[in-house]
Amino acid sequence: MIRGNTCYMDPLDRYRAIVRHLIEDYASYMSSRGDIRTEAVIDREHDHCEVLEVGWDAGRRVHGSVIHIDIRDGKVWIEYNGTDARIGEELVAAGIPRNDIVLGFQPVELRPLTSYGVG
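Just so it is clear, the model here is predicted, and its values are computed rather than measured.

### Re the environment of Arg 60
Position of Arg 60 relative to the elements: it lies in strand E3 (residues 60-72). Distance in space between the C-alpha atoms of Arg 60 and Arg 111 is 36 Å, their sequence separation being 51 residues.

Rendered as structure tokens:
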């Protein structure tokens, strides 16, 4: 659930609030393996958001993106989803229209076959 009333916001500001909330929510989960922490990385100036895992697991260094979402040209680009969650569906449920969500991790030629925007 998105905090606050986003109904009367400018669409881009509403998208930013929804994406930030989603990233902060996923970053609040604790890793179930090793000494790993999750971090929300939110660059408000460039509309770049990620959930990172950082730490150690069984003597191996862990450092990488779990979720990466950017807002570009008025659209929400899911650049990477390393979870089992259906991030696109969560964004739709929060109020972002399907045609304003782009699965950036899909090749350009396959995007028209998804139920989301093409970019």
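### Overview of the pairing of strand E4 (residues 75-81)
The pairing of E3 with E4 spans six bridges and is classified as antiparallel. Across the sheet, residue Ile 67 finds its bridge partner in E4, namely Asn 81. The loop that links E3 with its antiparallel partner E4 comprises two residues; one of these, Asp 73, has a positive phi angle of about 50°. Judged from the three bridges that link them, E4 and strand E5 (residues 101-103) form a sheet pairing that is parallel. Of the residues in E5, the one forming a bridge with Ile 78 is Leu 103.

What counts and how
- Residues numbered from 1 in each chain as written.
- Predicted model: local features only at pLDDT ≥ 70, side-chain atom pairs only at ≥ 80, totals over all residues.
- Heavy atoms only, no water.
- Helix = DSSP H or I, 4+ residues; strand = E, 2+ residues; numbered from the N terminus.
- Pairing = 2+ DSSP bridges.

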